[in-house]
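# Summary of the model geometry
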Amino acid sequence: MATTILTAEGATRRTETTAKATYAPLVVLALAQIGTSSDSAAMNLATASLVGTLGATLDDIQMATTLFSLIAGAFMIAGGLIGVTIGLRRTLAIGLSLAALGEITAALSPAIFSFTWGGRVVTGLGVCLVTPSVLGLVAALYQGRQRAIAFGTIAGAAALSTLSPLILGIVMDSSGFRLTFAIMAAYFVVVLCCARLIPRTPASGGHTHFDVAGTVVAALGMGLVLFGVAHLSDWGIASPPEALPLHLVRAAPPTLPAIVVGLVLLGLLVPTERRAQRRGNPLIPRAFVTSPSVRAGLSAVALPFFYMGAVGILATPYLQLVTGFTALQTGMLSLLSGIPMFLLATFLPKLAPHLSSRLIIRVGFIAIACACGLMALGVQQHGVTTALFGGMALGGFGVGAVNSQSNNAVACAVTRKEAEQSGGIQGAARSIGLALGTALAGTFLLLTMAGGFAAQVASAGIDQSYVAPAAETASTLMSDSAFSDEARTWRADAAQVDKLVDVKASAQADAMRLSFGALGLLMAAGLLTTRHLVETAAPRAKQDKAKARRPR
């Protein structure tokens, strides 16, 4: 494949032609993808170590996690524009440097304040540059079947990072968060050194103007929406809990206002980007708003992450808090979805290049919807059955199938320059999908648990004096023994305790089934978005020969 490279030196441009792209740069890009995903895993594992070493509270840790997600989501689109403005390889190098700096800052932090506002903020900014650069470089360096294989490899690398908690967990348990984040810093430095294997890419078109207005509006809009969505499950939308840290808004939590203001700002992006389009270097090219094919591709990018966020907030707490699975056992179960996700995303584009990409994505959505049904059947009143584990595995196959084609579907629906810039927009779609899946599934579960408990307790013959304290814990996942111990603190007799435990177990199991069922319906509805997907399958050999015989 011949690649034309343009580099700007003053007002002159120089054209260089490179040989057919090899897969050596792809290894570096895959390693970068694994690093960004593994960083999130390290943060998820660091709770106990941060509490013990830095004296952090759970609110402090939630702030660190939320702040990272807000920064990564808010500035991801801008990272794509930076890549096409100054060059994708340079942007990747800057992102890897920031990620390494953020990790070492976190490792050396003397307090949770510096860990959060130094380490996590800087790492988040680095991820905003790394993720768009990885996806943009795939579009820039590879074409045709090579590009399909390359995008599948990147999706497989993201799936492979599900194994990182097993390795990082051992380091975290034995040596704490400092060594863990120091290892992550060294990892990013190694990838940065290997980035020299990636061919230099041009600053597209030599534009000097940067869409500052669009970047500010998009960052504020995305940040507010993600902030509101992230706190739906713990702050609600009507009456705020007493622990709400924003003391100036006791009348109502800021979740719904933040989402509304954020959506208004995102709406203002349309006229803002219309003006930027005329100047030639918009944050969001027009095709990403007006093209049905691009919108369908972005839906295929976002929905699997919505599913993964939802399953993460549903299955993992239920397994640990209700059935008593340990963190290691839960991590091992992640292999059920991680392995098929990795295999399909990585090898399907290579082994079945002629298979319809639209069909693969549709089959993937059907598999994910069926997986949700299996997981719903696997939830029992006092535990789970093997159907839940089968659903997790089937969901991995479905996500792997969709991810193997979705990034390429977006890149093939736009021009070469827009494909290079699409990494930031696709990264934002991932972040939005993951945040929405986590928040909406968690909120739906809590509301249905509380409602189900209130509906069942009235007909269970439970003494009214125990209903009020029981209702306070009705929206919390708990094992039978934990809830039984809680009920005894209310001085309930054995008969009342047994009734309360049965009602609680029944309500939370029903809520889990309803949550998985609703998730399955949403994933099935994803099929409606596939009609406009670009077909990216490679033409078959016979068709190629027939085209070659046609007179020109």
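The structure presented is a predicted model; accordingly, all values stated were derived computationally and were not measured.

### Overview of the overall build of the chain
- Along the chain, the regular secondary structure elements total 22 helices and 4 strands.
- By the burial criterion, 52% of the 552 residues in the chain qualify as buried.
- Put simply, 81% of the contacts in the chain that link residues at least 6 apart link residues at least 24 apart.
- Total accessible area on the chain stands at roughly 23600 Å², and carbon and sulfur atoms take up 67% of it.

### Concerning the state of the cysteines
- Taken as a whole and judged by the stated rule, the model has 0 disulfides.
- With no disulfide of its own, Cys 194 lies closest to Cys 193 among cysteine sulfurs, the gap being 6.8 Å.
- Cys 372 forms no disulfide, and the closest cysteine sulfur to it belongs to Cys 370, at a distance of 9.1 Å.
- Under the relative-accessibility criterion, Cys 372 is labelled buried at 0%.

### A few points about the side chain of Gln 33
- Positionally, Gln 33 belongs in helix H1 (residues 24-45).
- Each residue touching Gln 33, except ones within four places of it in the same chain, is listed here: Ile 154, Ala 157, Ala 158 and Arg 430.

### What to know about helix H16 (residues 357-378)
- For H16, which comprises 22 residues, the first-to-last C-alpha distance of 31 Å matches the rise-based estimate of 32 Å (1.5 Å per residue) to within 8%.
- The opening residue of H16 is Ser 356, an N-cap whose side-chain oxygen sits 3.4 Å from the backbone nitrogen of Arg 358.

### Concerning the environment of Ala 538
- Topologically, Ala 538 is positioned in the loop between helix H21 (494-525) and helix H22 (541-549).
- Expressed as a C-alpha distance, the spacing of Ala 538 and Gly 144, which sit 394 residues apart in the sequence, is 7.4 Å.
- When sequence neighbours within four positions are dropped, the list of residues in contact with Ala 538 reads Pro 353 and His 354.

### A look at the packing of aromatic side chains
- Scanning the entire structure with this criterion turns up 6 aromatic pairs.
- Note on Phe 113 and Trp 117: the rings are 6.5 Å apart at their centroids and 35° apart in plane angle, and the pair reads as tilted. With Phe 113 and Trp 117 both in helix H6 (residues 112-141) and 4 residues apart, the pair spans about one turn of that helix.
- Residue class for Trp 117 comes out partly exposed when judged on its relative accessible area of 47%.
- Among the aromatic side chains, those forming a connected cluster through ring pairs are Phe 115, Phe 177 and Phe 181.
- When the ring centre of Phe 68 is taken as origin, the NZ or CZ atom of Arg 120, which lies over that ring, is 4.4 Å away.

### Notes on the side chain of Thr 85
- Here Thr 85 is to be found in helix H4 (residues 76-86).
- Within the local environment of Thr 85, its side chain forms a polar contact with the backbone oxygen of Leu 81, the two atoms lying 2.6 Å apart.

### Things to note about the packing of helix H10 (residues 212-230) against helix H12 (residues 255-279)
- Close contact between H10 and H12 brings their axes to 7 Å; oriented N to C, the two are set at 155°. Considering their axes alone, H10 and H12 lie roughly antiparallel with respect to each other. For the crossing formed where H10 meets H12, the hand is left-handed. Of the residues in H12, those in contact with Ala 213, Gly 214, Val 217, Ala 218, Leu 220, Gly 221, Met 222, Leu 224, Val 225, Phe 227, Gly 228 and Val 229 of H10 are Thr 255, Ala 258, Ile 259, Val 261, Gly 262, Leu 263, Leu 265, Leu 266, Leu 268, Leu 269, Thr 272 and Glu 273.

### A word on the nonpolar core
- In terms of nonpolar packing, the biggest core is built from 80 residues, with Leu 50, Leu 92, Phe 115 and Phe 181 touching the most fellow members.
- For this core, the element with the most residues is H6, which contributes 13 residues.
- Setting aside its immediate chain neighbours within four residues, Leu 92 contacts Leu 29, Ala 32, Val 130, Ser 133, Val 134, Leu 137 and Ile 198.
- In terms of nonpolar packing, the next biggest core, distinct from the first, is built from 41 residues, Phe 306, Val 379, Ala 441 and Met 523 among them.

### Description of the pattern of salt bridges
- One pass over the structure, following the stated rule, counts 4 salt bridges.
- For the salt bridge of Asp 39 with Arg 120, the shortest nitrogen-to-oxygen distance reads 2.9 Å. In this pair, Asp 39 sits in helix H1 while Arg 120 sits in helix H6, placing the two residues 81 residues apart along the sequence.
- Relative accessible area serves as the criterion here: at 2%, Arg 120 is assigned to the buried category.
- Notably, a salt bridge pairs Glu 535 with Arg 358, separated by 3.8 Å at the nearest N-O pair. A residue pair is termed long-range when its members are at least 10 positions apart, and Glu 535 in the loop between H21 and H22 and Arg 358 in helix H16 qualify at 177 residues.

### Focus on the environment of Ala 511
- Structurally, Ala 511 is set in helix H21.
- Judged by relative accessible area, Ala 511 falls into the buried class, the value being 1%.
- Between the C-alpha atoms of Ala 511 and Met 449, which are 62 residues apart in sequence, the distance is 5.2 Å.
- Filtering out sequence-adjacent residues up to four positions away, Ala 511 remains in contact with Leu 445, Thr 448 and Met 449.

### Observations regarding the layout of surface pockets
- Its volume calculated, the second largest pocket comes out at about 860 Å³.
- Lining the second largest pocket are 27 residues, with Ile 284, Phe 288, Val 289, Leu 298 and Ile 425 sitting closest to its centre.
- Elements with a minimum of two residues in the lining of the second largest pocket: H10, H12, helix H13 (287-290), helix H14 (292-322) and helix H18 (416-457).
- Of the residues that constitute the lining of the second largest pocket, the class distribution is 19 nonpolar, 4 polar and 4 charged.

### Thoughts on the packing of H1 against helix H8 (residues 164-175)
- Relative to each other, H1 and H8 sit at 45°, their axes nearing to 9 Å. The orientation of H1 with respect to H8, classified from their angle, is oblique. As for the relative orientation of H1 and H8, their crossing is right-handed in sense. Between H1, through Ser 38, Ala 41, Ala 42 and Leu 45, and H8, the contact on the second element is made entirely by Ser 164, Pro 165, Leu 168, Gly 169 and Met 172.
- For the contact of H1 with H8, the class distribution of residues is 6 nonpolar, 3 polar and no charged.

### Some thoughts on a positive patch on the surface
- A cluster of like positive charges, contributed by Arg 274, Arg 275, Arg 278, Arg 279 and Arg 286, occupies part of the molecular surface.
- Within the secondary structure layout, Arg 274 lies in helix H12.

### A look at a nonpolar patch on the surface
- Together, Leu 256, Val 260, Val 264 and Leu 268 make up a nonpolar patch on the protein surface, roughly 330 Å² of accessible area in all.
- Structurally, the position occupied by Val 264 is in helix H12.

### Considerations on the environment of Ile 462
- Locating Ile 462 in the fold gives a position in the loop between H18 and helix H19 (464-472).
- For the pair Ile 462 and Val 503, spaced 41 residues apart in sequence, the C-alpha to C-alpha distance is 9.6 Å.
- What Ile 462 contacts, discounting residues up to four positions off in sequence, is Val 457, Val 467, Gln 496, Lys 499, Leu 500 and Val 503.

Cut-offs applied
- Residues numbered from 1 in each chain as written.
- Predicted model: local features only at pLDDT ≥ 70, side-chain atom pairs only at ≥ 80, totals over all residues.
- Heavy atoms only, no water.
- Helix = DSSP H or I, 4+ residues; strand = E, 2+ residues; numbered from the N terminus.
- Buried < 20%, exposed > 50% of the residue type's maximum accessible area, 1.4 Å probe, protein only.
- Contact = heavy atoms within 4.5 Å.
- Areas by Shrake-Rupley, 256 points an atom, 1.4 Å probe, with all protein chains shown as cover.
- Disulfide = S-S within 2.5 Å.
- Expected span 1.5 Å × (residues − 1).
- Polar contact = N/O pair within 3.5 Å; in protein donor to acceptor, adjacent residues only side chain to side chain.
- Phe/Tyr/Trp six-rings, centres within 6.5 Å; stacked < 30°, edge-to-face > 60°.
- Lys NZ or Arg CZ within 6 Å of the ring centre and 35° of its normal.
- Axes fitted to C-alpha atoms, helices over the stretch in contact; angles between N-to-C directions.
- Parallel < 35°, antiparallel > 145°, perpendicular 65-115°, else oblique.
- Left-handed = near helix turned anticlockwise from the far one by under 90°.
- Core = buried A, V, L, I, M, F, W, Y, C linked by side-chain atoms within 4.5 Å.
- Salt bridge = Lys/Arg side-chain N within 4 Å of Asp/Glu carboxyl O.
- 1 Å grid on protein atoms, 1.4 Å probe; cavity = no way out; pocket = protein on both sides within 12 Å on 5 of 7 lines; lining within 4 Å.
- Points joined across faces, edges and corners; volume = space filled by probe spheres on them.
- Nonpolar A, V, L, I, M, F, W, Y, C, P; charged D, E, K, R; others polar.
- Patch = residues over 30% accessible without salt bridge, like charges linked within 9 Å, V, L, I, M, F, W, Y side chains within 5 Å.
- Lys, Arg positive; Asp, Glu negative; His and termini not counted.
- Charge placed at Lys NZ, Arg CZ, Asp CG, Glu CD.

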